[in-house]
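# Residue-level structural notes
Chain by chain, the residues:
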Amino acid sequence: MDQFTVNLIFVGASFALYIGIAIWARAGSTSDFYAAGRGVHPVTNGMATAADWMSAASFISMAGLIAFTGYDNSTFLMGWTGGYVLLALLLAPYLRKFGKFTVSEFIGDRFYSQTARMVAVICLIVASTTYVIGQMTGVGVAFGRFLEVDNTTGLLIGACVVFAYAVFGGMKGVTYTQVAQYCVLIMAYTIPAIFISLQLTGNPIPALGLFGEHQASGEPLLAKLDQIVTELGFNAYTAHHGDTLNMVLFTLSLMIGTAGLPHVIMRFFTVPRVADARWSAGWTLVFIALLYLTAPAVGAMARLNITELMWPNGTNGEAVSVEQIANAPEYDWMATWEQTGLLGWEDKNGDGRIQYYNDADADMQQVAAERGWEGNELTNFNRDILVLANPEIANLPGWVIGLVAAGGLAAALSTAAGLLLAISSAVSHDLIKGAINPGISEKGELMSARVAMAVAIAVATYLGLNPPGFAAQTVALAFGIAAASIFPALMMGIFSTRINNSGAVAGMLAGLLVTVIYIFLHKGWFFIPDTNTFTDADPLLGPIKSTSFGAVGAMINFITAYVVAGMTKEPPEEIQDMVESIRVPRGAGAAAADH
Amino acid sequence: MRKESKDAAYWKANIRLIGISLVIWALVSFGFGILLRPMLSGIAVGGTDLGFWFAQQGSILVFLALIFFYAWRMNKLDAQHGVNEE
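From a predicted model like this one, the values you see are computed outputs, not experimental measurements.

Rules used in this analysis
- Residues numbered from 1 in each chain as written.
- Chains lettered and ligands numbered in written order.
- Predicted model: local features only at pLDDT ≥ 70, side-chain atom pairs only at ≥ 80, totals over all residues.
- Heavy atoms only, no water.
- Helix = DSSP H or I, 4+ residues; strand = E, 2+ residues; numbered from the N terminus.
- Rg over C-alpha atoms; globule rule 2.2 N^0.38 Å.
- Buried < 20%, exposed > 50% of the residue type's maximum accessible area, 1.4 Å probe, protein only.
- Contact = heavy atoms within 4.5 Å.
- Areas by Shrake-Rupley, 256 points an atom, 1.4 Å probe, with all protein chains shown as cover.
- Lys, Arg positive; Asp, Glu negative; His and termini not counted.
- Charge placed at Lys NZ, Arg CZ, Asp CG, Glu CD.
- Domains from an automatic or database assignment.
- Buried area = accessible area lost by both parts, 1.4 Å probe.
- Salt bridge = Lys/Arg side-chain N within 4 Å of Asp/Glu carboxyl O.
- Polar contact = N/O pair within 3.5 Å; in protein donor to acceptor, adjacent residues only side chain to side chain.
- Nonpolar A, V, L, I, M, F, W, Y, C, P; charged D, E, K, R; others polar.

This next bit is on the overall build of chain A. A tally of helices and strands in chain A yields 24 helices and six strands. The C-alpha atoms of chain A give a radius of gyration of 24 Å, which matches the 25 Å a tight globule of 595 residues would have. Viewed in the frame of its principal axes, chain A has a C-alpha envelope of about 80 × 55 × 40 Å. For chain A, the residues scored as buried account for 63% of the 595 residues in total. Contacts in chain A between residues at least 24 apart in sequence constitute 79% of all its contacts with a sequence separation of at least 6. Carbon and sulfur atoms provide 61% of the accessible area of chain A, an area that totals close to 20,200 Å². The averaged location of the 43 negative side-chain charges in chain A is 17 Å from the averaged location of its 27 positive side-chain charges.

What follows concerns the domain arrangement of chain A. Residues and elements named next belong to chain A. Per the domain assignment, the segments making up chain A are domain 1 (3-305 + 397-481 + 571-582) and domain 2 (316-389). The junction of domain 1 with domain 2 conceals about 2,200 Å² of combined surface from both sides, 69% of it contributed by carbon and sulfur atoms. Taken together, domain 1 and domain 2 are joined by zero salt bridges. Linking domain 1 to domain 2 there are five residue pairs in polar contact (both at pLDDT 80 or more). Listing elements by their share of the side of domain 1 that touches domain 2, those giving two or more residues are α4 (56-69), α7 (114-146), α14 (274-310) and α19 (398-436). A class-by-class count of the residues in the side of domain 1 that touches domain 2 yields 17 nonpolar, seven polar and five charged.

Moving on, we get to the pattern of salt bridges. Residues and elements named next belong to chain A. All told, the structure shown has 10 salt bridges over all chains when counted by the stated rule. Across the pair Glu-318 and Arg-353 runs a salt bridge, and its minimum N-O distance is 3.5 Å. On the criterion of sequence distance, the pair formed by Glu-318 in the loop between α14 and β3 (320-321) and Arg-353 in strand β5 (residues 353-354) is long-range, its members being 35 residues apart. Assessed through its relative accessible area of 42%, Glu-318 is described here as partly exposed.

With that settled, the discussion passes to the interface of chain B and chain A. Each partner contributes to the interface: chain B provides 44 residues, whereas chain A provides 52 residues. Taking both partners together, chain B and chain A bury about 4,200 Å²; carbon and sulfur atoms supply 72% of that area. The largest share of the area that chain B buries against chain A comes from Gln56(B), Ile67(B) and Glu85(B), three residues that together contribute 16% of it. Linking chain B with chain A are two salt bridges, by the criterion used here. Counting only elements with at least two residues in the side of chain B that touches chain A, the list comes to α1 (2-35) and α2 (50-80) of chain B. Considered class by class, the residues forming the side of chain B that touches chain A number 25 nonpolar, 13 polar and six charged.

Our focus in this paragraph is helix α18 (residues 386-393) of chain A. All names here are of chain A. Taken across its eight residues, α18 has eight buried, putting it largely inside the fold. Three or more residues of α18 are buried, namely Leu-386, Val-387, Leu-388, Ala-389, Asn-390, Pro-391, Glu-392 and Ile-393. Of the residues flanking the end of α18, it is Asn-395, one or two places downstream, whose phi is positive at about 60°.

Moving on to unusual backbone geometry. All names here are of chain A. Phi at Tyr-112 is positive, roughly 35°, even though this residue is not glycine. Structurally, Tyr-112 is set in the loop between α6 (103-110) and α7. By relative accessible area, Tyr-112 is classed as partly exposed at 27%. One non-glycine residue, Phe-526, lies in positive phi territory at about 50°. By the secondary structure assignment, Phe-526 is in the loop between α22 (501-523) and α23 (549-567). Look at Phe-526 and you get exposed, because its relative accessible area is 56%.

Next up on the list: the side chain of Ser485(A). Within the secondary structure, Ser485(A) is located in helix α21 (residues 471-495). Beyond its immediate chain neighbours, meaning those up to four positions away, Ser485(A) contacts Cys123(A), Met508(A), Leu512(A) and Asn557(A).

Have a look at this one:
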């Protein structure tokens, strides 16, 4: 059986499983949909939330970014897990006590202002749309490989599937479907990692293998990796190269952004009790950590495997020959991925070999001149293909490759569909029904939801063709936007009784606008390529890249809110009482739907 | 009035606990993982140093411990101050 058929079987079987569970556990009404989290054990809820949250960025993209950069990209690991501490300590229990279902409802009620609610809705739409662009990048990679077509065709087909998936209910809110998705996703991620860890270090736990011994050389794995990549002129894997301030701000942006993303926060509104909201955040992180502790091992081990494949005789020997790549079975993956247009090589000096090295490094340029090399010949290695290509690179059995394809699609599709649902309900329910046309019929509301979804996916697909970065980088921008706009408003709403409507609105607008403008200046206006004035290689403000700006935007939000609130009237008595009451768990009834 | 002052004491204890937890949160990630990494470079861990371990794994494990510690401690505080549900 060829690999294409195996992939088809795995992807088909996993989708049949999700649909089967969705039908079996069919929620009858809207309130059932919202209450899906209630009566569910915190462990189950944590698993479902983890599946909901881990997207193409975590699954497909992140390990590749770590693999090719090393230590400096640890920011993704710390940032996307550290946010759960903020969520558990600063937001989840209080939002549960508040007892409504959406973030914009909380902001509207706490700041007793329809304007505040609308501004929050706009922040959510901007952050979610950016998030979908990143997901579409991942969808394009996964479909391109899975259907063995080029990336653009893969993206267009993927967009149709995502749209269909979202329109037909998205299978969202059905907790047990998400539990199944989590199981597929985590198996798809860890099984190849276990195989590779066993091959390289003999340790079945990848997280431990990373710090273990490289069996072929008898040296520690990371020391071996540092050695071979520096011999090729690349930065040492474990060393710190980038700017420290930027690294801190980037990590902080991801952390605050995690705690400000509506589709994660929503999960904590519906747990049975305040105490469960605290536990749930912990369980969610347990299930996320299973992937996040494995990811750095996947990255490092893949980098080692790729480098050794390109230099089968050692970095001082001869490079891999074009003939080997064409004929030897362990290089089959290169031909498969070349079809997607995301991997490329070229024998520039015509010596029949492919030299992979850092041609920007001065020492290597000298070596290259001596040995007759004319530049790095592994000309294209898209970071987003690494996780999906990893089992093929390590020459693992066909069923593992099929499993990874199923996992990658589950991660990208479920999150993309969930975000599209969030965008469409924000537009139709909050914006159109809530503000523009309150008298709209139910049919009209549904229609506007569909239109909003179609527009969002068209925009995301168009921008996904020329994405502002690799999947995880685009998603990081979305986190920056959420960090600068939503999180400060929520936190001040709980921890300060003094912040009033004007302060919150001014803070959110200032944080959102400054951050979005900073991002557009570096990534192009509305992410349209070539409309940028600056680049992240040489940012406007010193070392602060656009991906790291969310933390600065959050500070601007806090400061603006405090200054404006200080100059205007303090919130009415009943609002201050409400803030006092959400701080204590006592009397938290069931969450009430405002529908 | 008595109930309010009791709630105030509960909130104060909560803020204190959040403060301590966030100091640890920042110390393991921004501290050991990034800013203080040069200071920890003498401590070897599997082919690299302790700071690298904190940046890629250690901080995540500490985050987990922190959330469960906070949940456990707060549930006890709720009961002590009589502000728990039920």
